[in-house]
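Structural overview
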Amino acid sequence: MQQHRTITALLILLTSLTARAENWPQWRGPAGDGISSETNLPTTWSEKENILWKLPLPGMSGATPAIWGDRIFVTSSDGNDLVLMCITTDGKGLWKVAIGKGKGDRSRGDEGNEASPSPTTDGKHIWVCFGSGELACVDYNGEVKWKVNLQDRYGKFRYGFGMHMTPVLHGDHLYLQLIHSIPAHVIALDKNDGKEVWKVERKSDGRAECLHSYASPVLWKTDKAAYLITHGNDYAVGHDLKDGSELWRVGDLNPKSKYNATLRFVASPVATPSLIIIPSAKNGPVVALKPDAKGFITTGNEHEQWRRDSNTPDVPSPLVHDGLVYLCRENGILICMEADTGKELYQERTHSQRHRASPVYADGKIYLTARDGTVSVVKAGRTFKLLATNKLDDQTSASPAISGGRIYIRGFDSLYAIGAK
């Protein structure tokens with residue numbers, strides 16, 4: 001009887017642990033908002049502590065890994081090849097497939113290359129995009145099911161620092177924003193064959209460097225409704241998923257009265273069911289938008305919840321959790337505000353290095369990743385508390401992925417699996 005009770009207890013424990021395991025199928029996690037429900041994650045680590053395994057990679061990338069079950073999908077440069085790799089959660093490589101050709105490991109100095117967009121998976125296929133224009137669907141055996149080149153189909157890219165957009169997967173469609181010249185386009189493709197479902201011109205009166213958006217589209221959704229948000233060339237725009245038609249447009253992100261011709265957007269919006277946080281760039285505005293917005297929205301519009309005019313991020317995207325908005329500036333300063341009012345609760349420096357990755361939340365903690373391989377761990381909540389500063393012998397611009405009780409960090413040289421041993 002005692003043995004039976006012991007076995008039953010073990011089965012309940014294993015079932016509980018399995019139930020808590022969560023996939024990380026895309027950049028910024030299950031809901032595209034940087035939030036994980038995982039618990040029992042480590043707070044501290046180093047090259048000698050809480051590293052379950054470390055796998056050298058063939059080249060650099062700023063892309064977040066996609067994780068489903070026991071498989072991890074990573075993009076990388078490999079010489080002049082741009083590749084998708086499949087790795088098991090015990091750190092073993094399963095396959096590697098070349099999708100296109102690039103310009104080498106570091107095509108933009110120490111900042112990035114054409115492997116910057118993150119892969120996306122639904123547990124059966126992986127969709128991957130590269131800065132060279134290749135967009136492909138790959139099955140779980142590493143076989144390319146279809147591939148198109150976006151530059152061949154929609155025109156040559158004219159980004160100043162390369163294309164970094166990650167497509168959004170929703171239902172049977174992939175949604176893309178190609179905001180880099182005039183005309184810019186928003187596009188829906190069939191995920192099964194890559195064929196175009198619709199394409200709309202995204203109009204703007206922006207000019208100069210503002211034409212170049214390095215942000216990614218995001219999805220706003222509830223159980224009953226959903227729409228697409230694109231971001232760049234001075235505006236954030238909501239689009240109907242059926243045909244791409246414009247639902248709303250947020251302006252005054254780059255006011256014409258004091259126009260900044262270098263205000264290219266890099267940070268992407270974050271959309272929660274009750275609030276959408278829209279960043280800009282280079283110390284420009286951050287806007288909290290009500291999701292039922294309609295029409296053209298400028299400063300003071302009834303559809304704005306609040307607007308923060310300055311002292312804002314340039315590259316890291318916002319994070320919203322438990323009624324709080326977190327903004328990580330590129331210099332490591334973390335700003336915490338009330339989501340309903342925009343009231344600032346604190347502004348504190350974490351690690352004084354470049355921050356390119358977007359913050360993620362899990363297990364009551366905020367994880368902020370710096371370019372020099374340092375991750376600052378901050379207690380979530382209205383009061384600032386720095387819990388740990390963890391350094392790896394690598395560089396990273398990829399946002400962490402969290403799954404199965406582990407934190408996965410894609411460095412320029414290696415992929416790290418961090419967890420309690």
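Residues numbered from 1 in each chain as written. Predicted model: local features only at pLDDT ≥ 70, side-chain atom pairs only at ≥ 80, totals over all residues. Heavy atoms only, no water.

**Looking at the overall build of the protein**
- The number of helices and strands found in the protein is 2 helices and 33 strands.
- Considered along the principal axes of its C-alpha atoms, the protein spans approximately 75 × 50 × 45 Å.
- Restricting the contact set of the protein to residue pairs at least 6 apart, pairs at least 24 apart contribute 53%.
- Here the protein holds 50 positive side-chain charges and 47 negative ones, and the gap between their average locations is 2 Å. (Helix = DSSP H or I, 4+ residues; strand = E, 2+ residues; numbered from the N terminus. Contact = heavy atoms within 4.5 Å. Lys, Arg positive; Asp, Glu negative; His and termini not counted. Charge placed at Lys NZ, Arg CZ, Asp CG, Glu CD.)

**Side note on the pairing of strand β15 (residues 226–232)**
- Of all 7 residues that make up β15, 6 are buried, and the element is covered over most of its length.
- Here 4 bridges tie strand β14 (residues 218–221) to β15, and the two strands are oriented antiparallel to one another. The residue of β15 that forms the bridge with V218 is I229.
- Linking two consecutive strands that pair antiparallel, namely β14 and β15, is a turn of 4 residues.
- Pairing between β15 and strand β16 (residues 235–239): 5 bridges, direction antiparallel. The residue bridging T230 from the neighbouring strand is V237, located in β16. (Buried < 20%, exposed > 50% of the residue type's maximum accessible area, 1.4 Å probe, protein only. Pairing = 2+ DSSP bridges.)

**Details of the packing of aromatic side chains**
- Evaluation of the coordinates by the stated rule reveals 12 aromatic pairs.
- Between W45 and Y367, the aromatic rings sit 6.3 Å apart at their centres with planes inclined by 25 degrees, giving stacked as the arrangement. Taken together, the residues span a long stretch of sequence, with W45 in the loop between α1 (2–20) and β1 (51–56) and Y367 in strand β28 (residues 365–369) at a distance of 322 residues.
- For W45, a relative accessible area of 3% translates into the label buried. (Phe/Tyr/Trp six-rings, centres within 6.5 Å; stacked < 30°, edge-to-face > 60°.)

**Comments concerning the sheet that holds β1**
- Spatial ordering of the open sheet is given by β1-β33-β32-β31, a layout of 4 strands whose pairing is antiparallel. Both outer strands of the open sheet, β1 and β31 (401–403), are each paired with one neighbouring strand and no more. Strand-to-strand twist in this sheet, taken as the mean axis angle between neighbours without regard to direction, amounts to 20 degrees. (Axes fitted to C-alpha atoms, helices over the stretch in contact; angles between N-to-C directions.)

**Thoughts on the sheet that holds β28**
- One open sheet holds the 4 strands; their spatial order is β27-β28-β29-β30, and the pairing between them is antiparallel. The open sheet is flanked by β27 (360–362) and β30 (386–391), the only strands paired with a single partner. Pairwise comparison of adjacent strand axes, ignoring direction, gives a mean angle of 20 degrees for this sheet.
- Pairing analysis gives 5 bridges linking β28 to strand β29 (residues 374–379), with the strands arranged antiparallel.

**Section: the pairing of strand β25 (residues 333–338)**
- For β25, a buried count of 6 out of 6 residues is recorded, marking the element as mostly surrounded by other parts of the structure.
- Residues I333, I335 and M337 point to one face of β25 and L334, C336 and E338 to the other, with burial holding for every one of them.
- Where strand β24 (residues 324–328) meets β25, 5 bridges bridge the pair, whose relative direction is antiparallel. Bridging across to β25, L327 finds its partner in I335.
- Sheet analysis places β25 next to strand β26 (residues 344–349), joined by 5 bridges and oriented antiparallel. Bridge pairing in β26 places C336 opposite Y346.
- The antiparallel pairing of β25 with β26 creates a hairpin that spans 5 residues between the two strands, and G342 there sits at a positive phi of about 80 degrees.

**Considering the side chain of H164**
- Among the secondary structure elements, H164 is positioned in the loop between α2 (150–154) and β10 (168–170).
- In terms of polar contacts, H164 uses its side chain to reach the side chain of S116, at 3.1 Å.
- Looking at H164, its side chain comes within polar contact range of the main-chain oxygen of F161, at 2.9 Å.
- When near neighbours in sequence (up to four residues on either side) are disregarded, H164 contacts N113, S116, P117, Y214 and S216. (Polar contact = N/O pair within 3.5 Å; in protein donor to acceptor, adjacent residues only side chain to side chain.)

**With respect to the side chain of S61**
- Looking at the element boundaries, S61 is found in the loop between β1 and β2 (66–68).
- The exposure class of S61 is buried, given its relative accessible area of 0%.
- In this structure the side chain of S61 is engaged in a polar contact, spanning 2.9 Å, whose partner is the backbone nitrogen of A63.
- A polar contact is formed between the side chain of S61 and the side chain of T75, at a distance of 3.3 Å.
- Excluding residues within four positions of it along the chain, S61 makes contact with T75, S76, N113, A115, S116, R410 and F412.

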